[in-house]
Amino acid sequence: MFLSIIIPHYNIERCLLERCINSITGQETTAGEHEVIIVDDGSTTPPSWIANAYKDVCVKLIETPHGGPGAARNRGMEDARGRYIMFVDADDFLISNGHISQCLEILKTEKPQILRYRYHVTEKPDRLKPKRNSKVTTGNTISGAAFMASNNLPGSPCLYLFERELAIKKGVRFPEGCFHEDEEFNTELHFHAQSLIVSDAMPYCYCKREGSTTANSDINFERKRMEDMLKVIERITFFRSSFYEKSNSVQKKGIDRKLNTLAVDAILNMLYIGMNAKEIHATCTERLAPLSLYPIPEASYSLKYRIFRMLANNSTGLKVLRLIVPNRKPKNR
């Protein structure tokens, strides 16, 4: 088995899950080349219909007690037989333009530990008109740390394929029972990866949807997400300290950039949920300062980073940010 596609599922409408599964089984790939693993995370009504609906294709349903997306993804990885793993959210789907088959060809030819790709975002998936299949181009092979050092590493684990053995050997797993679990997993996996390729393939469609986790705006929910984000930053900081002496300069630069940008994200999220400047400053002083992440470290990642850092590092600047940043989080990845 070459590829295992894992779909964590929790109380998603049947029509959306079917759309997701069908988009995978309908891809132009070699028979027996991939398997689909749906991990039901303790849904009110488990999708038991899957067994009968997909008898003739390699689709497997695993039912588990509710433990959150991190637990569901970990269980999927444990049962996966493929050399490579891909995560697809149950309310998203793969685009039928052949790019996934081209991604598999890159994996077979170049054998990177991580292959990153682009994705499409839509609020109206029924109107999506995929571009005709075109030749996919790729960049040079670099390390995962080199990618982190030169880019703001996205949080979603659905934007790349990765070698299962890499995660197993390095003990990289999703933290369970919390939000932002993907930030921790992605950071550690890319830190350890010795080979990564970036392609312009676009096999994935992310669907904006009311009621999804990323669209939830309840204040208690958002406060919980904020607390979990701070805990993830603390754990990644501990991870960095555990490996720092043995790390090379690129790994150090990569994980430092990730932590610095996570500090920015944390402050932005405090603004999005309506915290005032005084409360934000107190939280940063209490939680981020002991990690050497506040004041936000100086770096020349981008002009936006430098401007935000200048404002966020003092009480007056935070008051300015409070005036210009809306009290709601943008609904995208």
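Structure first, text after, so check above.
Residues numbered from 1 in each chain as written. Predicted model: local features only at pLDDT ≥ 70, side-chain atom pairs only at ≥ 80, totals over all residues. Heavy atoms only, no water.

### Notes on the overall build of the protein chain
Next up, step 1: Each helix and strand counted, the protein chain has twelve helices and ten strands in total.
Next up, step 2: Relative to the globule expectation of 20 Å for 333 residues, the C-alpha radius of gyration of the protein chain, 20 Å, shows essentially globular dimensions.
Next up, step 3: If one aligns the C-alpha atoms of the protein chain with their principal axes, the spans along those axes are about 65 × 45 × 35 Å.
Next up, step 4: For the protein chain, with 333 residues in total, the buried portion stands at 53%.
Next up, step 5: Of the contacts made within the protein chain by residues no fewer than 6 positions apart, 81% connect residues no fewer than 24 positions apart.
Next up, step 6: As displayed, the protein chain offers around 15900 Å² of accessible surface, 50% of which is attributable to carbon and sulfur atoms.
Next up, step 7: A distance of 5 Å separates the average location of the 46 positive side-chain charges in the protein chain from that of its 39 negative side-chain charges. (Helix = DSSP H or I, 4+ residues; strand = E, 2+ residues; numbered from the N terminus. Rg over C-alpha atoms; globule rule 2.2 N^0.38 Å. Buried < 20%, exposed > 50% of the residue type's maximum accessible area, 1.4 Å probe, protein only. Contact = heavy atoms within 4.5 Å. Areas by Shrake-Rupley, 256 points an atom, 1.4 Å probe, with all protein chains shown as cover. Lys, Arg positive; Asp, Glu negative; His and termini not counted. Charge placed at Lys NZ, Arg CZ, Asp CG, Glu CD.)

### Re empty space enclosed by the protein
Next up, step 1: Applying the stated criterion across every chain, the model contains two cavities of 30 Å³ or more.
Next up, step 2: Size it by volume and the second largest cavity reaches roughly 40 Å³.
Next up, step 3: Every residue lining the second largest cavity is listed: Leu-3, Ile-5, Ile-24, Gln-27, Thr-29, His-34, Leu-94, Ile-100 and Leu-104.
Next up, step 4: If you list the elements that add at least two residues to the lining of the second largest cavity, you get β1 (3-9) and α4 (99-110).
Next up, step 5: In terms of residue class, the lining of the second largest cavity is built from six nonpolar, three polar and no charged. (1 Å grid on protein atoms, 1.4 Å probe; cavity = no way out; pocket = protein on both sides within 12 Å on 5 of 7 lines; lining within 4 Å. Points joined across faces, edges and corners; volume = space filled by probe spheres on them. Nonpolar A, V, L, I, M, F, W, Y, C, P; charged D, E, K, R; others polar.)

### Thoughts on the sheet that holds strand β5 (residues 93-94)
Next up, step 1: Read from one edge of the open sheet, three strands run β5-β10-β7, paired in mixed fashion. Either end of the sheet is taken by a strand with one partner, and the two such strands are β5 and β7 (119-122).
Next up, step 2: Note that β7 and strand β10 (residues 204-207) share four bridges and pair parallel. Each residue of the ladder has a partner; that of Thr-122, found in β10, is Cys-207. (Pairing = 2+ DSSP bridges.)

### Some points on helix α12 (residues 315-324)
Next up, step 1: Looking at α12, one finds that the buried residues are Gly-317, Leu-318, Leu-321 and Arg-322. With its buried residues spanning 150 degrees around the axis, α12 presents them on a single face. Every exposed residue of α12 that faces more than 90 degrees away from the buried side is listed here: Thr-316, Lys-319, Leu-323 and Ile-324.
Next up, step 2: Considering only its buried residues, α12 is in contact with α9 (249-272), α10 (277-288) and α11 (303-312).
Next up, step 3: At the N-terminal boundary of α12, the capping side chain belongs to Asn-314, with an oxygen 3.2 Å from the backbone nitrogen of Thr-316. (Arc of directions from axis to C-beta. Polar contact = N/O pair within 3.5 Å; in protein donor to acceptor, adjacent residues only side chain to side chain.)

### So, the sheet that holds strand β4 (residues 84-87)
Next up, step 1: As summarised here, the arrangement of the seven strands in space is β3-β2-β1-β4-β8-β6-β9, forming an open sheet in which the pairing is mixed. Among the strands making up the open sheet, the edge pair consists of β3 (59-64) and β9 (196-198). Taken pair by pair, the neighbouring strands of this sheet meet at an average axis angle of 20 degrees, ignoring direction.
Next up, step 2: Inspection of the sheet shows strand β6 (residues 114-116) paired to β9 by three bridges, in the parallel sense. Directly across from Leu-115, in β9, lies its bridge partner Ile-197.
Next up, step 3: Along the sheet, α4 contacts β1, β4, β6, β8 (160-163) and β9; its crossing angle with β6, the most-contacted strand, is approximately 145 degrees. (Axes fitted to C-alpha atoms, helices over the stretch in contact; angles between N-to-C directions.)

### Notes on a nonpolar patch on the surface
Next up, step 1: A surface patch of nonpolar side chains, about 310 Å² in accessible area, is lined by Leu-303, Ile-307 and Met-310.
Next up, step 2: Locating Met-310 in the fold gives a position in helix α11. (Patch = residues over 30% accessible without salt bridge, like charges linked within 9 Å, V, L, I, M, F, W, Y side chains within 5 Å. Salt bridge = Lys/Arg side-chain N within 4 Å of Asp/Glu carboxyl O.)

### Quick look at the packing of α11 against α12
Next up, step 1: Where α11 contacts α12, the two axes come as close as 6 Å, and the packing angle between them is 115 degrees. Here Phe-308, Leu-311 and Ala-312 of α11 lie close against α12, whose contacting residues are Gly-317, Leu-318, Val-320 and Leu-321.
Next up, step 2: Residue classes in the contact of α11 with α12 are distributed as six nonpolar, one polar and no charged.

### Observations regarding the environment of Glu-234
Next up, step 1: Within the fold, Glu-234 resides in helix α8 (residues 219-243).
Next up, step 2: Classification of Glu-234 by relative accessible area gives partly exposed; the value is 30%.
Next up, step 3: Residues Glu-234 and Arg-287 lie 53 residues apart in sequence; the distance between their C-alpha atoms is 8.4 Å.
Next up, step 4: Contact partners of Glu-234, with chain neighbours within four places excluded, come to Arg-287 and Leu-291.

### As for the nonpolar core
Next up, step 1: If you look at the biggest cluster of nonpolar residues, it comprises 94 residues, and the most contacted ones within it are Ile-7, Met-86, Val-88, Phe-162, Leu-189, Ile-233 and Ile-267.
Next up, step 2: For this core, the element with the most residues is α9, which contributes ten residues.
Next up, step 3: With residues up to four places along the chain from it excluded, the contact list for Ile-267 reads Ile-280, Cys-284, Tyr-294, Ile-296, Phe-308, Ala-312 and Leu-318. (Core = buried A, V, L, I, M, F, W, Y, C linked by side-chain atoms within 4.5 Å.)

### A look at the state of the cysteines
Next up, step 1: Applying the stated criterion to the full structure yields zero disulfides.
Next up, step 2: In this structure Cys-58 is not part of a disulfide, and its nearest cysteine sulfur, from Cys-20, lies 15 Å away.
Next up, step 3: Classification of Cys-58 by relative accessible area gives partly exposed; the value is 37%.
Next up, step 4: Cys-158 forms no disulfide, and the closest cysteine sulfur to it belongs to Cys-20, at a distance of 9.1 Å. (Disulfide = S-S within 2.5 Å.)

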